[in-house]
Amino acid sequence: MTRVLMKGNEAIAEAAIRAGCLHFFGYPITPQNEIPEYFSRRLPQVGGEYVQTESEVATSNMIFGAAGVGVRVMTSSSSPGISLMSEGISYLAGADLPVVIVNMMRAGPGLAGILPSQSDYAHATRGTAHGDFELTVLAPSSVQEAVDLTILSFQIAERYRVPVMLLGDGMIGQMMEPVEFPELEVGPPLAADDWALTGCRGREPRLVSSLYLDPVELNDKNYERYRRYALIRDKETRFDTYNCDGPYDVLLTAFGVMARVCMSAIDELAKEGIRVGLFRPITLNPFPEDACRSAIARAKRVLDVEMNMGQMLVDIRLAARGSHDIDFIGKCGGLTPSVEDVVERVRVHLAAIRAEER
Amino acid sequence: MQKIFSHPCSMIEDPLHYCPGCTHGIIHRLVAESIDELGIRERAVGVSSVGCSVCTYKYFRCDMFQASHGRAPAVATGAKRCRPELILFCYQGDGDLAAIGTSEIIHAANRGEKITCIFANNAVYGMTGGQMAPTTIPGQRTSTTPAGRRVSQDGFPLPMAEMLASLRTPGYVARVSMHAPSEIIRAKEIVRRAFLHQVEDRCFSFVECLSTCPTNWGLSPAESLKWIEREMLPYYPLGELKVPDGKTGDEDEHN
Amino acid sequence: MPAIRVAGDKCKGCELCCVACPQKIIALSDEINTQGFRYARVVDAPRCIGCGLCAISCPDLAIEVYAEGTVYQFYSYH
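All of these numbers come straight from a predicted model, not from anything done at the bench.

Caption draft 1: Summary view of the overall build of chain B. Along the backbone of chain B there are 10 helices and 10 strands. Against the 2.2 N^0.38 benchmark of 18 Å for 255 residues, chain B shows a C-alpha radius of gyration of 17 Å, consistent with a compact globule. Across its three principal axes, chain B shows a C-alpha extent of roughly 50 × 50 × 30 Å. Of the contacts formed within chain B by residues at least 6 apart in sequence, a portion of 69% connects residues at least 24 apart. Total accessible area on chain B is roughly 8,500 Å²; 53% of this is exposed by carbon and sulfur atoms.

Pasting the structure below:
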């Protein structure tokens with residue numbers, strides 16, 4: 001296994017190809033442009049095809065068509081583009097089509113900015129589009145993890161026939177880090193032989209659709225889908241902790257690259273014997289609620305750190321079930337809370353803890 | 001006695017849901033007959049759109065997609081690019097294709113996607129109760145132009161076939177009508193050519209079919225045929241607007 | 001002698017076949033079918049020439065055409 005220094009966007013594209021994704025439909029938007037560019041160079045070399053679309057709206061429908069004929073497919077975009085894809089994602093969920101969608105987040109709302117952000121957390125995990133459905137969302141905090149989660153995204157998408165989103169906070173796509181690509185024996189294209197539209201030779205014609213005019217049928221279909229979401233919750237929920245083996249006074253919660261800023265802050269405070277832990281959800285949906293609650297329970301104070309106005313904060317509060325007041329540090333617009341910001345706020349909490357102990 | 005006209009096998013036998021006299025049913029039949037004659041039912045994949053023809057997927061005996069409003073050409077693009085051996089056709093109405101879906105149809109045509117698009121133009125949004133569509137005729141009363149379409153407010157009818165024929169990449173663009181048996185016979189041949197165009201692996205074929213909407217036009221089925229002839233033909237001339245002229249220099253090598 | 005057969009229950013009484021028939025031998029019956037429409041039927045069978053224009057004009061695929069001997073073939077049917 002050779003380690004390669006690679007830009008996040010390109011590493012994600014290469015990981016997808018290694019996972020057997022030979023078809024990509026995409027539209028240019030900063031900060032993910034290297035993904036379509038990489039695919040447009042590489043796919044012809046591996047017998048695949050890159051299609052540049054006329055809009056993200058068209059993109060979300062093209063991957064509907066591609067997945068519908070049982071082919072592994074992916075797209076990527078950034079915040080405003082993902083908003084345009086929202087309707088398509090609802091249709092993909094409603095037609096039970098496995099696809100992978102990368103969102104390299106940038107500052108919002110509106111045209112806003114092109115610098116990194118985490119302000120699509122709520123859109124990805126809760127309010128993506130109309131109708132009852134869940135979008136499985138994975139958030140890497142390093143380029144290597146982005147590679148691993150890209151491969152995992154395809155596996156989850158196909159195992160449960162759901163759309164999966166890889167949610168990067170802009171930096172993941174733009175920074176370069178050494179990565180290793182696992183040796184993957186790529187199975188047959190997406191195991192879809194019992195539902196994909198491949199031409200009705202020797203079988204009854206099939207339908208790929210999200211239209212259910214009969215309410216009973218649609219209600220049953222949604223319930224069946226939510227049983228699959230429950231399976232994903234049981235089997236695919238992932239999180240990471242840092243410095244939580246021993247006791248800690250303050251727990252930091254963060255995802256994506258923000259978690260690494262928190263780790264630096266924890267290391268710095270540890271030099272002074274200050275015990276701070278980190279809880280990092282990797283699957284933002286399904287959210288690791290139980291693990292989060294038990295991590296919170298062991299802390300005296302909890303501080304959530306994000307590059308938005310407080311979106312994962314809601315899930316942290318839900319997980320805490322009122323046991324703690326969840327403090328929050330947030331910057332947006334392309335700004336990033338710094339190690340100093342985190343260290344300074346932890347000191348405020350420590351002072352409060354000591355005051356309570358006296 | 002020999003049966004000389006019967007139900008195409010690419011269509012199911014059940015009754016259609018369309019209103020009495022609505023010629024969607026005829027367009028469906030022409031598509032099904034073309035698929036039968038070209039022997040491509042077993043590799044045909046249709047994409048039905050949103051509008052009166054949303055239930056198209058129920059009527060064709062081949063694999064079908066149900067696309068979101070206006071996006072059928074994009075769904076067909078995705079499918080065809082990934083399984084080029086399939087024969088992809090879209091079936092859309094004028095609200096679906098000429099309004100919300102203009103971007104998708106123009107770019108699918110301009111990229112030269114090897115798909116066949118069947119476009120039923122009945123000058124209104126039928127399913128939702130007869131509102132004005134981009135193809136509504138000036139002066140035509142609809143549920144959203146009670147005083148008739150005013151060019152000053154709502155512009156002129158959108159000529160989709162001419163627009164697509166003006167692009168260099170599409171190979172076959174035609175407009176036909178359902179308003180008389182002779183026209184239906186001619187339309188049948190043109191629809192078959194459009195599908196043959198794709199079978200021969202050529203870029204993008206498109207057939208606009210003038211169709212009736214007796215219910216929302218407030219006319220009898222027979223009067224509706226006359227209405228097409230009198231009101232629609234001036235804005236929507238019939239014929240093959242673009243045909244493949246074979247090898248015409250290198251840039252057309254994929255045409 | 002050519003003839004047509006109308007699938008009574010598929011007919012919606014739109015009369016497009018009546019308009020299209022050059023012999024003017026198709027009309028709506030007084031009875032209604034299961035869909036609640038007066039359905040089309042031939043009123044003067046011997047005068048049918050088997051041209052098929054009725055079937056070609058039917059939006060509901062309700063008409064089949066039978067003929068023998070010389071058959072009109074301007075419509076490339078199987």
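Caption draft 2: Representation of the sheet that holds strand S1 (residues 3–6) of chain C in the model. With antiparallel pairing, 3 strands are arranged side by side in an open sheet as S1(B)-S4(C)-S1(C). Of all the strands in the sheet, the pair left with one neighbour each is strand S1 (2–5) of chain B together with S1 of chain C. Adjacent strand axes in the sheet meet at a mean angle of 35 degrees when their direction is disregarded. As defined by bridge partners, S1(C) adjoins strand S4 (residues 63–67) of chain C across 4 bridges and the pair is classed as antiparallel. Across the sheet, residue C:Val6 finds its bridge partner in S4(C), namely C:Ile63.

Caption draft 3: Main features of the nonpolar core. Grouped together as the largest cluster of nonpolar side chains are 148 residues, with contacts concentrated most on A:Phe39, A:Met74, A:Leu252, B:Phe65 and B:Phe206. Here this core gets 10 residues from one element, more than from any other, and that element is helix H6 (residues 143–160) of chain A. Per-domain counts for this core show at least three residues from each of domain 1 (3–235) and domain 2 (240–357) of chain A. In terms of nonpolar packing, the next biggest core, distinct from the first, is built from 63 residues, B:Ile184, B:Ile185, C:Cys11 and C:Cys58 among them.

Caption draft 4: Focus on the packing of aromatic side chains. Residues and elements named next belong to chain B. Summed over the entire model, instances satisfying the criterion amount to 12 aromatic pairs over all chains. Ring geometry for tyrosine 18 versus tyrosine 59: centroids 5.9 Å apart, planes at 55 degrees, classification tilted. Taken as a pair, tyrosine 18 in the loop between S1 and helix H1 (24–38) and tyrosine 59 in helix H2 (residues 56–59) lie far apart in primary sequence, 41 residues in all. Here the two residues tyrosine 18 and tyrosine 59 agree in accessibility, since each one is buried.

Caption draft 5: How the structure looks around the interface of chain A and chain B. With 37 residues of chain A at the contact, the number on the chain B side is 29 residues. Of the roughly 2,700 Å² buried at the junction of chain A and chain B (both faces included), carbon and sulfur atoms supply 62%. In this assembly, chain A and chain B are joined by 4 salt bridges. The closest approach of N and O atoms between B:Asp63 and A:Arg203, which form a salt bridge, is 2.5 Å. On inspection of chain A and its partner chain B, the count reaches 13 residue pairs in polar contact (both at pLDDT 80 or more).

Caption draft 6: Main features of the interface of chain B and chain C. Contact residues are listed per partner, giving 33 residues for chain B and 32 residues for chain C. It is B:Met1, B:Ile4 and B:Phe5 in chain B that bury the most area against chain C; as a group they hold 26% of the surface buried on that side. Linking chain B with chain C are 1 salt bridge, by the criterion used here. For the pair chain B and chain C, the number of links is 10 residue pairs in polar contact (both at pLDDT 80 or more). Listing elements by their share of the side of chain B that touches chain C, those giving two or more residues are S1, H1, helix H8 (181–199) and helix H10 (221–232) of chain B. Here the side of chain B that touches chain C takes 6 residues from H1(B), the largest share from any one element. Looking at the side of chain B that touches chain C residue by residue, the classes come out as 19 nonpolar, 7 polar and 7 charged. Judged from the 3 bridges that link them, S1(B) and S4(C) form a sheet pairing that is antiparallel.

Caption draft 7: How the structure looks around the pairing of strand S4 (residues 73–77) of chain A. Residue and element names in this part refer to chain A. Within S4, 5 of the 5 residues are buried, which leaves it mostly tucked inside the rest of the structure. In the sheet, strand S2 (residues 23–26) pairs with S4 via 2 bridges, with the strands oriented parallel. Pairing of histidine 23 across the sheet is with valine 73, part of S4. Of the strand pairs in this sheet, S4 and strand S5 (residues 99–104) are connected by 4 bridges, and their pairing is parallel. Within S5, the residue paired with serine 77 across the bridge is asparagine 103. Handedness of the crossover is the feature at issue here: the chain leaves S4, passes through helix H4 (residues 79–94), returns alongside S5, and the resulting connection is right-handed.

Caption draft 8: Quick look at the side chain of B:Thr145. All names here are of chain B. Relative to the helices and strands, threonine 145 resides in the loop between strand S7 (131–132) and helix H6 (151–154). In terms of polar contacts, threonine 145 uses its side chain to reach the side chain of threonine 142, at 2.7 Å. Setting aside residues up to four positions removed in sequence, threonine 145 forms contacts with Met132, Gln140 and Asp154.

Caption draft 9: A nonpolar patch on the surface, seen in detail. Residues and elements named next belong to chain B. A surface patch of nonpolar side chains, about 270 Å² in accessible area, is lined by Val151, Phe156 and Tyr235. With respect to the helices, strands and loops of the structure, tyrosine 235 is situated in the loop between H10 and strand S10 (239–242). Residue tyrosine 235 is classed as partly exposed on the basis of its relative accessible area, which comes to 33%.

Caption draft 10: Summary view of the arrangement of the chains. By number of contacts, the leading pair among the 2 pairs of chains in contact is chains A and B. Taking C-alpha atoms as the reference, chain A and chain C come no closer than 21 Å and do not contact one another.

Caption draft 11: Structural detail: H8(B). Residue and element names in this part refer to chain B. With 19 residues, H8 should cover 27 Å at 1.5 Å per step; its first-to-last C-alpha distance of 27 Å lies within 8% of that length. Within the sequence span of H8, burial applies to Pro181, Glu183, Ile184, Ile185, Ala187, Lys188, Ile190, Val191, Ala194, Phe195, His197 and Gln198. Phi turns positive, to about 60 degrees, at aspartate 201, one or two residues after H8.

Caption draft 12: Main features of the environment of B:Gly25. Relative to the helices and strands, B:Gly25 resides in helix H1. Overall, the relative accessible area of 1% leaves B:Gly25 in the buried class. Linking B:Gly25 and B:Met11, residues 14 residues apart in sequence, is a C-alpha distance of 10 Å. Apart from residues no more than four positions distant in its own chain, B:Gly25 is found in contact with B:Leu16, B:Tyr18, C:Pro59 and C:Leu61.

Caption draft 13: Region of the structure containing the packing of helix H1 (residues 8–18) of chain A against H6(A). All names here are of chain A. Two elements in contact, H1 and H6, have axes separated by 9 Å at closest approach and are oriented at 35 degrees. Of the two possible hands of crossing, H1 and H6 adopt the one that is right-handed. Together, Gly8, Ala11, Ile12, Ala15 and Ala16 of H1 and Val143, Ala146, Val147, Thr150, Ile151 and Phe154 of H6 make up the contact between the two elements. Tallied by class, residues from the contact of H1 with H6 come to 9 nonpolar, 2 polar and no charged.

Caption draft 14: Spatial organisation of a negative patch on the surface. All names here are of chain A. On the surface, a cluster of negative charge is made up of Asp267, Glu268, Glu340 and Glu344. Within the element layout of this structure, glutamate 268 appears in helix H9 (residues 258–270). Of the residues examined, glutamate 268 reaches a relative accessible area of 32% and is grouped as partly exposed.

Caption draft 15: Looking closely at the pattern of salt bridges. Tallied over the full model, the rule gives 48 salt bridges over all chains. Residue B:Lys3 pairs with C:Glu64 through a salt bridge whose shortest N-O separation is 3.2 Å. With B:Lys3 in strand S1 and C:Glu64 in strand S4, this pair bridges two chains. Owing to a relative accessible area of 38%, B:Lys3 belongs among the partly exposed residues under this scheme. Among the salt bridges present, the one from B:Glu200 reaches B:Arg202, with a minimum N-O distance of 3.3 Å. Here B:Arg202 falls in the partly exposed class, since its relative accessible area comes to 22%.

Reading the values: the criteria
- Residues numbered from 1 in each chain as written.
- Chains lettered and ligands numbered in written order.
- Predicted model: local features only at pLDDT ≥ 70, side-chain atom pairs only at ≥ 80, totals over all residues.
- Heavy atoms only, no water.
- Helix = DSSP H or I, 4+ residues; strand = E, 2+ residues; numbered from the N terminus.
- Rg over C-alpha atoms; globule rule 2.2 N^0.38 Å.
- Contact = heavy atoms within 4.5 Å.
- Areas by Shrake-Rupley, 256 points an atom, 1.4 Å probe, with all protein chains shown as cover.
- Pairing = 2+ DSSP bridges.
- Axes fitted to C-alpha atoms, helices over the stretch in contact; angles between N-to-C directions.
- Core = buried A, V, L, I, M, F, W, Y, C linked by side-chain atoms within 4.5 Å.
- Buried < 20%, exposed > 50% of the residue type's maximum accessible area, 1.4 Å probe, protein only.
- Domains from an automatic or database assignment.
- Phe/Tyr/Trp six-rings, centres within 6.5 Å; stacked < 30°, edge-to-face > 60°.
- Buried area = accessible area lost by both parts, 1.4 Å probe.
- Salt bridge = Lys/Arg side-chain N within 4 Å of Asp/Glu carboxyl O.
- Polar contact = N/O pair within 3.5 Å; in protein donor to acceptor, adjacent residues only side chain to side chain.
- Nonpolar A, V, L, I, M, F, W, Y, C, P; charged D, E, K, R; others polar.
- Right-handed = clockwise from strand over helix to strand, strands pointing away.
- Patch = residues over 30% accessible without salt bridge, like charges linked within 9 Å, V, L, I, M, F, W, Y side chains within 5 Å.
- Expected span 1.5 Å × (residues − 1).
- Left-handed = near helix turned anticlockwise from the far one by under 90°.
- Lys, Arg positive; Asp, Glu negative; His and termini not counted.
- Charge placed at Lys NZ, Arg CZ, Asp CG, Glu CD.

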